[in-house]
Amino acid sequence: MLNYIKNFRTDEDGAVTVDWVVLTAAIVGLGIAVLTTVGEQADALGDDIATEMSSQGVKTDW
């Protein structure tokens, strides 16, 4: 039983998994933060472009 406890304490297989989960969560969180920030500005710019384009006339004859 003592040997099992020593092996369990020195085994680091799960530590790598935890590192990858934390790293992946950080990348996803950063991506969401960037998307939120840029998305609002892009949406506002798209609305401005749509307003400007709808106010322009289209010449249909030569």
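Residues numbered from 1 in each chain as written. Predicted model: local features only at pLDDT ≥ 70, side-chain atom pairs only at ≥ 80, totals over all residues. Heavy atoms only, no water.

### Observations concerning the overall build of the protein chain
- What the protein chain contains, in helices and strands, is two helices and zero strands.
- Since a compact globule built from 62 residues should have a radius of gyration of about 11 Å, the 28 Å found for the protein chain marks it as more spread out than a globular shape.
- Counting only residues that meet the buried cut, the protein chain has 0% of its 62 residues in that class.
- When the accessible area of the protein chain is evaluated, it comes to approximately 6,100 Å², of which 66% is carbon and sulfur surface. (Helix = DSSP H or I, 4+ residues; strand = E, 2+ residues; numbered from the N terminus. Rg over C-alpha atoms; globule rule 2.2 N^0.38 Å. Buried < 20%, exposed > 50% of the residue type's maximum accessible area, 1.4 Å probe, protein only. Areas by Shrake-Rupley, 256 points an atom, 1.4 Å probe, with all protein chains shown as cover.)

### Regarding a negative patch on the surface
- There is a patch of like negative charges on the surface, built from Glu40, Asp43, Asp47 and Asp48.
- You can see glutamate 40 is positioned in helix α2 (residues 13–54).
- For glutamate 40, a relative accessible area of 55% translates into the label exposed. (Patch = residues over 30% accessible without salt bridge, like charges linked within 9 Å, V, L, I, M, F, W, Y side chains within 5 Å. Salt bridge = Lys/Arg side-chain N within 4 Å of Asp/Glu carboxyl O. Lys, Arg positive; Asp, Glu negative; His and termini not counted. Charge placed at Lys NZ, Arg CZ, Asp CG, Glu CD.)

### As for a nonpolar patch on the surface
- On the surface, Met1, Tyr4, Ile5 and Phe8 cluster together into a nonpolar patch covering about 550 Å² of accessible area.
- Within the secondary structure, methionine 1 sits in the segment before α1 (2–10).
- On the basis of relative accessible area, methionine 1 is assigned to the exposed category, the value being 75%.

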